[in-house]
Amino acid sequence: MEGWTILLLLLVVTASNVDNSDLDGKVVAKMMPEGARPARPRREPRPPPSPPQRAWRQRHRQAARWRCRPRRVRAAPFAAPPPALSAPAGSARTMEAPPVTMMPVTGGTINMMEYLLQGSVLDQSLESLLHRLRGLCDNMEPETFLDHEMVFLLKGQQASPFVLRARRSMDKSGMPWHLRYLGQPEIGDKNRHALVRNCVDIATSDNLTDFLVEMGFRMDHEFVAKGHVFRKGIMKIMVYKIFRILMPGNTESIEPLSLSYLVELNVVAPAGQDVVSDDMRNFAEQLKPLVHLEKIDPKRLM
Amino acid sequence: MGVTCVAQVPVAEGKSVQQTVEILTRKLELLGAEKQGTFCVDCETYHTAASTISSQGQTGKLMYVMHNSEYPLSCFALFENGPCLIADANFDILMVKLKGFFQNAKANKIESRGTRYQYCDFLVKVGTVTMGPSARGISVEVEYCPCVIANDCWNLLMEFMQSFMGNHTPGIPSVFGTKHDSIYSPADTMVQYMELFNKIRKQQQESLQKAALEAAQGL
C-alpha cells in the first residue's frame, strides 16, 4: 500500500514538473487510495549531535527513567538487613535508592475507621469454628499469632486519659512493633451493622515502650493474645484467647483469662464506607450458629 | 544505607547563604560528583501541653518529629538525649490526635533543602537550612554507603570531606561515640540533623539578643 502511494506521488511530482496546471491536484485526489495521506516533503538528514548535546540527552533519558521507578524506601527496622562490610567497591551504586525528587514528606492516611463485630466461643467449640472459617475464608496458609499487648495511658486535665496500645509479636522475630490508637466507638446508628471507631495503625521500631514513657505515658495493663487469623477480602477474622500475665513484664508466666475464645471480625476502611458493614453482617450470618457476632458497646462492659 | 556525618558549614565572609552553597556545589561538581535530584529533611517541634505538665510534674520537654526524603515512608520522633522512634507516616496523624497533650510550635518548623550528589561510594547533600521564610545556614551531609560501622570509616569520611570542605571539616559526631562497633542506623542521621537544627536555632536567638542589646546601648 505504502509503495503504491510513493509511486503515485512520484508520478504526480514528475507530472507537475512537466505541466504546472491545476490538474495535478485533481489527479492526486483521484488516484490516491482512500485514507492515504500525501507524503511530507523530505527533510535534510540531521547532523550528528555534538558531544554536549549527546550528554544532555543521556542525562535527560536517565532522569526520565528515575522518575518512573517506584519509590518505596523504608528506614530501619523495615529495611533489608544492612549490607555486609565486605561489599565490593562500586556496589553502592546498585544498592542505593534512586534519587528522590522533592515530594511532600508529611503523610499518613487520614481518617481510617475500624468496623468491628465481636463474639466468643467456648474452648470445646473452637475446632468446629476454625473448620468453618477455613472453608469460608480466602485460601491461605493457616496463620497463628502470639502477641504481647501493652496498654498505655496519658493523663491530662481532661476527664478521659489518652489510650494507646503497643503490640509486639512474640513468635516472629524481626517484625515491627504495632502502635494503635482507637477512638470513641459509635454504635448508635441502626443502619450500620458494626461498631465503628476511628483508628490509627502505626508500625514502629522496637524502642516504642521507652519512647511512650518518655512522652509521659504510663503502662496501665498488659496481656498476651494467642490465636488464629483468617482473611476474606478486606475482612479480617481473629479467633484468640487472652492470657493474664502473672508477673509484670514476664510473658513466660501466663494463665488463660477464661475458658473461651474471643472472635473478632474487623475491617479498616476510610470513613464513610458503611457498605462494608453490610458485607460483615452477611459474613457473620454465615458463621451462625457456631458464633454470634454482634456490635458490642465496650462501655456497657465496664 | 551507610554511615553518615552531618555538619554545618559557616557562610563565607562577604557572601550570602546561596552564594556559599553554590561555591560548595561547584567544588563537588569539579571533583566529578554527579547531581542526582534533590533532598529535604524537616523538623517540627512539639511542646508538652500545659495540662500534662501540671498533672504529672514534668518539665516542659520538647519532642521533635522529623522526616527525611531519603526514607519517604518513615517518620522519626525524637527527644533531646532520649530515644528516637522510627515509625511509619501515620505517626503524623497520631500527633494530630494528641494535640491536647502536645502542641505543634509551628513557628519553629525548620528544614534543610538542597541537591543530592553522588561521588563513587559517597552521597553528598548540600542543603540550605530555612526557618520560616529566611535562610539560616548551610548543612552538609556526607554518607559512605558501603560501610555500616561508624568507627571503621570515620577517617575515610573525614578525608573525603576535607577535599571539598577544607578547614570547615567537622570533628567526629557525638553519635559515633556512643555507637562503638554497633550498626549505624538512619535514626543516628536524624539525631545529627536535630542537633544541627538546634545549634542553628540557638545561633539565631543569640544573634537576635545581641542585636537587641546593641540597639538598647545605641539608645
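Quick caveat: nothing in here was measured; it's all calculated off a predicted structure.

With that out of the way, let us pick up the overall build of chain A. What chain A contains, in helices and strands, is 8 helices and 9 strands. When each of the 302 residues of chain A is scored for burial, the buried share is 35%. Within chain A, residue pairs in contact and separated by at least 24 positions form 66% of the contacts whose partners lie at least 6 positions apart. With an accessible surface of roughly 19400 Å², chain A has 55% of that area assigned to carbon and sulfur atoms.

Turning our attention to the pairing of strand β3 (residues 62-68) of chain B. Residue and element names in this part refer to chain B. Counting buried residues in β3 gives 6 out of 7 residues, a clear majority hidden from the surface. Sheet topology places strand β2 (residues 34-48) next to β3; 7 bridges connect them, and they run antiparallel. Paired with Tyr46 across the bridge in β3 is Met63. With 4 bridges joining them, β3 and strand β4 (residues 74-79) adopt antiparallel strand pairing. Bridging across to β4, Met66 finds its partner in Phe76.

Our focus in this paragraph is the pattern of salt bridges. Residue and element names in this part refer to chain A. Under the defined criterion, the tally for this structure stands at 19 salt bridges over all chains. The shortest N-O distance in the salt bridge between Glu186 and Arg192 comes to 3.3 Å. The exposure class assigned to Glu186 is partly exposed, which follows from its relative accessible area of 36%. Note that Arg244 is salt-bridged to Glu255, the shortest N-O span being 2.5 Å. Here the residue Arg244 occupies a position in strand β7 (residues 235-247), and Glu255 occupies one in strand β8 (residues 250-256), the gap between them amounting to 11 residues. We classify Glu255 as partly exposed; its relative accessible area is 30%. Each of Glu114, Arg180, Arg197 and Asp201 takes part in a single network of salt bridges with overlapping partners.

Reading the values: the criteria
Along every chain, residues carry numbers that run from 1 in the direction the sequence is written. Labels follow written order: the first chain is A, the first ligand is 1, and so on. Per-residue local features are limited, in this predicted model, to residues with pLDDT of at least 70; the limit for side-chain atom pairs, both in listing and counting, is 80 or more; totals at the level of whole chains, interfaces and linings are taken over all residues. To obtain the side-chain values, all non-hydrogen atoms of the structure were included, while hydrogens and water were left out. In this text, helices come from DSSP runs of H or I with a minimum length of four residues, and strands from runs of E with a minimum of two, each type numbered from the N-terminal end. Partly exposed describes any residue whose relative accessible area lies between the buried limit of under 20% and the exposed limit of over 50%, with all areas from a 1.4 Å probe on protein chains only and scaled to the type maximum. Contact between two residues is taken to exist if any of their heavy atoms lie within 4.5 Å; hydrogens are not considered. Exposure was quantified through the Shrake-Rupley algorithm and a 1.4 Å probe, taking into account, for residues, occlusion by the shown protein chains and nothing else. Note on pairing: two strands pair once DSSP finds at least 2 bridges between them. Whenever a carboxyl oxygen of Asp or Glu lies within 4 Å of a side-chain nitrogen of Lys or Arg, that contact is scored as a salt bridge.

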